[in-house]
Amino acid sequence: MVSEKRWIGIMVAMFSLCLFVMNGCSEKSTQEKMTEKALKHATGKDVDVKMQGGKIQIEEKGSKTEIAETTTWPPELTNDVPKFTAGKIKHVVKTHEDGGIWTFNVHLTDITGDDIKNYAGAMKEKGWKTDIIQMGDKGGSLNGQKGTMGISFMYSLERKDGMLAVFNRP
C-alpha cells in the first residue's frame, strides 16, 4: 500500500514538473513583454517580439524586422549590391514588408575614406549611379540608385565607422 501511494506521489510530482516546464517554455520573457509594450506605446501598433541568442525579431501586420549580432554580409541580399569587404560588420538590421519592400542596415567598423571610394567604384561597376558627399576629414555619405533599389552609406572617418543602408522600394 505504501509503495502504491509513493508511486502516485511520484507520478503527480512528475506531471506537475512537466506542466511547469512546458508552461515556462511557452511564455514570453519579461524582456519580450516589456519591448512589446514600449513599441506599442511608441507606435500605437501591436507587435510580436521574439528574442533568442543574439537575435531580436519584431513582427507586425505586413512587416518583419530582425536585428542580429553578426559579422557576416547578409546572404539574402541581391547580387546587384556589391559586398562591402573592408572593415568589420558589427551587426545587421533586416526589415521586410509586404509588396517586395525591404531594407538592410549593415553597421560597420574599422573603415577608411579609401574603403568608401573603392565601394563607390564597385557600385559603378554593377551599374549604380552614385554620389559622394564628403564633409572634410570628418565623414560623409555615399548614395546610390539602381532601378527601385537605393543605397545610403553614412560614415564617420573620425570614428572609422558607418551604416550602409540598402533598400528596395518597388
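None of the values given here were measured: they were computed from a predicted structure. (Residues numbered from 1 in each chain as written. Predicted model: local features only at pLDDT ≥ 70, side-chain atom pairs only at ≥ 80, totals over all residues. Heavy atoms only, no water.)

Regarding the nonpolar core
With 23 residues, the main nonpolar core has Trp73, Val81, Tyr119, Phe153 and Leu164 as its most contacted residues. Elements represented by at least two residues in this core include exactly strand S4 (88–97), strand S5 (101–109), helix H3 (113–125), strand S8 (149–156) and strand S9 (161–168). (Core = buried A, V, L, I, M, F, W, Y, C linked by side-chain atoms within 4.5 Å. Buried < 20%, exposed > 50% of the residue type's maximum accessible area, 1.4 Å probe, protein only. Helix = DSSP H or I, 4+ residues; strand = E, 2+ residues; numbered from the N terminus.)

Details of helix H2 (residues 30–43)
Compared with an ideal rise of 1.5 Å per residue, which puts 14 residues at 20 Å, H2 spans 20 Å between its outermost C-alpha atoms and is within 8% of the ideal. Looking one or two residues past H2, Gly44 carries a phi angle of roughly 80°, positive in sign. (Expected span 1.5 Å × (residues − 1).)

Quick notes on the sheet that holds S8
Taken in spatial order, the 9 strands line up as S1-S2-S3-S4-S5-S9-S8-S7-S6 in an open sheet, and their pairing is antiparallel. Two strands close off the open sheet at either side, each with one partner strand: strand S1 (48–52) and strand S6 (129–135). Geometrically, the sheet is characterised by an average inter-axis angle of 10° between neighbouring strands, direction not taken into account. Where strand S7 (residues 139–146) and S8 come together, 8 bridges link them in antiparallel fashion. Within S8, the position partnered with Ser141 by the bridge is Met154. (Pairing = 2+ DSSP bridges. Axes fitted to C-alpha atoms, helices over the stretch in contact; angles between N-to-C directions.)

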